[in-house]
Amino acid sequence: MRNIWQPAVIAAAALLAPGLANAQELRVGFVNTLSGAGAGPGVENTNGWKIGLDHEGWKKDGDKLGGVPTKIVYGDDQWKPDVGLREVERMIQQEKVQVIAGFMWSNVLMAAQKPIVESKTGLLITNAGASPMAGELCSPYVVSTSFNNEQFTEALGKMIADEKVESIYLMAPNYQAGKDQISGLMRTMTGVKVVGQNYFKLGESDFQADISKIRAAKPKAVFVFAPGGMGVAFFKQWQASGAGKEIKVYTSNTVDWLTLPGIGDAAVGSFHALHWNTDLDNPTSQRFVKDFVARHGQKPSNYAAQGYDGARILAATAKAMDGKFADSLAIMKAMRKVKFDSVRGSYSYNVNGMPIQTFYKQEVIKGADGKPDIVTRGVIFANYKDAYWEKCPADKRH
């Protein structure tokens, strides 16, 4: 491709953001949790991202993504905010990336977002939905292919209220996403009495005392947000206690195709709200599910789907810009407007870079083959905006 840059323009671009002196090469960092106790969802998200790259024809550095030669650098945050911060600084300072993608856990994202945005590097979030990122910390440099944390539980809260549940006990880990999820639930769960609430340790695996407290409170239902291995541990102990015979279970980011093999029948009869499932009937989703199963031997979770969409929207943006991006801000602004084939079908972006999308009621049943199955039961919210976009400062909106 012909070099369109004049020397003065090159100098100015180099001052604006890292990695832009050679703007016809797209340089992308991908940071995720690939080791440690929180690695399950992070690896799943990364696997989806890589299938998305494959579907766009990118196999290795130098291959074209959306028609643009692209280099991708990977980093493992180990579920540690300080490690994630070091990986981000390495990618900005040494690798001179124009976009950093990924991020599974909200606490890691919150540590990493400041140096990314302040260095005028693009941030493409493929999972973590920390609420400040949708509100007061919003930025035109940020786009998400996932959600705001509270959207799930806002949808779930409406479902619980509509089902006229009399009383409920709430559980979530004590970190940003746990607080966000409880906040979202309380926003829409009108008319339901909360008889107890517990923020447990992030990474907790022993829920015996918590389950005893729940039973003593005698709620009609329990809500639990326990991603990854935390959810597997909770449900195994829940089933062993026999509490499920008396108390209905509602979850968020706890029962999915990643954790379901480990949870097993203990999840049957539980409900959650989500923006995607493997049974959505569109060609992009069906192709993604088929290829993920062929490669990994089980159905993909929404974590994988969001990673897949991340790679696809990045490619679509590069193609739409024909490789002629002046800086990272131009890339991210174009990303909010570009059309691409999402596993969710068509969706749009709000002024804060968060998706405006549909949330569905989902139930875990025993399938025809005798194994647990997650089935979609209809729409709770269509084209749903997060609750924080109006807190996004006017000069940060796009």
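Preceding block: the structure.
Description of the structure in this document. (Residues numbered from 1 in each chain as written. Predicted model: local features only at pLDDT ≥ 70, side-chain atom pairs only at ≥ 80, totals over all residues. Heavy atoms only, no water.)

### Examining the overall build of the protein
Then, in step 1: Secondary structure assignment for the protein yields 12 helices and 14 strands.
Then, in step 2: In summary, the protein has a C-alpha radius of gyration of 21 Å against a globular reference of 21 Å for 398 residues, a match within 12%.
Then, in step 3: Each principal axis of the C-alpha atoms in the protein carries an extent, and together these give about 70 × 45 × 35 Å.
Then, in step 4: Per-residue burial for the protein yields a buried fraction of 60% across its 398 residues.
Then, in step 5: A fraction of 72% describes how many contacts in the protein between residues 6 or more apart in sequence connect residues 24 or more apart.
Then, in step 6: Surface summary for the protein: the accessible area is close to 15,400 Å², and the carbon and sulfur share equals 50%.
Then, in step 7: On the protein, the mean spot of the 46 positive side-chain charges and the mean spot of the 39 negative ones are 2 Å from each other. (Helix = DSSP H or I, 4+ residues; strand = E, 2+ residues; numbered from the N terminus. Rg over C-alpha atoms; globule rule 2.2 N^0.38 Å. Buried < 20%, exposed > 50% of the residue type's maximum accessible area, 1.4 Å probe, protein only. Contact = heavy atoms within 4.5 Å. Areas by Shrake-Rupley, 256 points an atom, 1.4 Å probe, with all protein chains shown as cover. Lys, Arg positive; Asp, Glu negative; His and termini not counted. Charge placed at Lys NZ, Arg CZ, Asp CG, Glu CD.)

### Side note on the packing of helix H11 (residues 302-321) against helix H12 (residues 328-337)
Then, in step 1: At a minimum axis separation of 9 Å, H11 and H12 run at an interaxial angle of 110 degrees. Looking at the two axes, H11 sits roughly perpendicular to H12. Taken together, the residues of H12 that come into contact with H11 (itself represented by Ile 313, Leu 314, Thr 317 and Met 321) are Ala 330, Ile 331, Ala 334 and Met 335.
Then, in step 2: Residue composition of the contact of H11 with H12, grouped by class: 7 nonpolar, 1 polar and no charged. (Axes fitted to C-alpha atoms, helices over the stretch in contact; angles between N-to-C directions. Parallel < 35°, antiparallel > 145°, perpendicular 65-115°, else oblique. Nonpolar A, V, L, I, M, F, W, Y, C, P; charged D, E, K, R; others polar.)

### Some details on empty space enclosed by the protein
Then, in step 1: Counted by the stated rule, this structure contains 3 cavities of 30 Å³ or more.
Then, in step 2: There is about 110 Å³ of room inside the largest cavity.
Then, in step 3: In this structure, the largest cavity is lined by 15 residues; those nearest its centre are Met 104, Asn 127, Tyr 175, Phe 225 and Pro 227.
Then, in step 4: One number sums up the size of the second largest cavity: a volume of about 50 Å³.
Then, in step 5: Lining the second largest cavity, in full, are Val 255, Asp 256, Trp 257, His 272, Leu 274, Trp 276, Asn 277, Pro 300, Ser 301, Asn 302, Gln 362 and Ile 374. (1 Å grid on protein atoms, 1.4 Å probe; cavity = no way out; pocket = protein on both sides within 12 Å on 5 of 7 lines; lining within 4 Å. Points joined across faces, edges and corners; volume = space filled by probe spheres on them.)

### What to know about the side chain of His 55
Then, in step 1: Within the secondary structure, His 55 is located in helix H2 (residues 39-55).
Then, in step 2: When its relative accessible area of 17% is taken as the criterion, His 55 is described as buried.
Then, in step 3: A distance of 2.8 Å separates the side chain of His 55 from the side chain of Tyr 308, its partner in a polar contact.
Then, in step 4: Leave out the neighbours within four places in its chain, and His 55 touches Arg 287, Phe 288, Asp 291 and Tyr 308. (Polar contact = N/O pair within 3.5 Å; in protein donor to acceptor, adjacent residues only side chain to side chain.)

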